[in-house]
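# Observations on chain architecture
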Amino acid sequence: MNSLSENPGYKLNTGEILFRPMLDTDWAAIASIYLQGIETGNATFQQDVPTCEIWNTGHLAESRIVACCEGQVIRWAALSAVSGRCVYAGGGRSECVCRQ
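Now for a quick tour of the structure. What you are looking at is a predicted structure, and each value in this text was computed from that prediction instead of being measured.

## Some remarks on the packing of aromatic side chains
Taken as a whole, this structure holds three aromatic pairs when the rule is applied. Seen in terms of ring centroids, Trp27 and Trp55 are 5.8 Å apart; in terms of plane orientation they differ by 50 degrees. Their pairing is tilted. Taken together, the residues span a long stretch of sequence, with Trp27 in helix α1 (residues 27–40) and Trp55 in helix α2 (residues 52–58) at a distance of 28 residues. As far as burial versus exposure is concerned, Trp27 and Trp55 are alike and both buried. Summarising the aromatic geometry, the rings of Trp55 and Trp76 are spaced 5.5 Å apart at their centres and angled 85 degrees between planes, so their arrangement reads as edge-to-face. Note that Trp55 is positioned in helix α2 and Trp76 in strand β4 (residues 72–81), a separation of 21 residues in sequence.

Here's what the structure looks like:
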């Protein structure tokens, strides 16, 4: 999903939780966590989990991480562009969703 995944030097292990770049193979866990956020009614205004392809187009490839515990993705964070307008270039909106 991003160029950071090619560099294992970005991994940060803080006790039991490992922070690392998001990988294509994480999509099932990301979608599951996203669905849990939809079901709570607190995480998003979306009604359905997007496909991986649609999600990818809405999030910046350079800014995606996951938090893992015991080999399971328990949280993810990503940035999306605020707007396509040039006056907002460089601006982003953060999104962080946790497993219930």
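Back to the text.
## Points about the pattern of salt bridges
Inspection of the entire model under this criterion finds one salt bridge. Of the charged contacts in the structure, one is a salt bridge between Asp26 and Arg20, with a shortest N-O distance of 2.8 Å. The residues Asp26 and Arg20 share a single accessibility class, namely buried.

Cut-offs and rules
Residues numbered from 1 in each chain as written. Predicted model: local features only at pLDDT ≥ 70, side-chain atom pairs only at ≥ 80, totals over all residues. Heavy atoms only, no water. Phe/Tyr/Trp six-rings, centres within 6.5 Å; stacked < 30°, edge-to-face > 60°. Helix = DSSP H or I, 4+ residues; strand = E, 2+ residues; numbered from the N terminus. Buried < 20%, exposed > 50% of the residue type's maximum accessible area, 1.4 Å probe, protein only. Salt bridge = Lys/Arg side-chain N within 4 Å of Asp/Glu carboxyl O.

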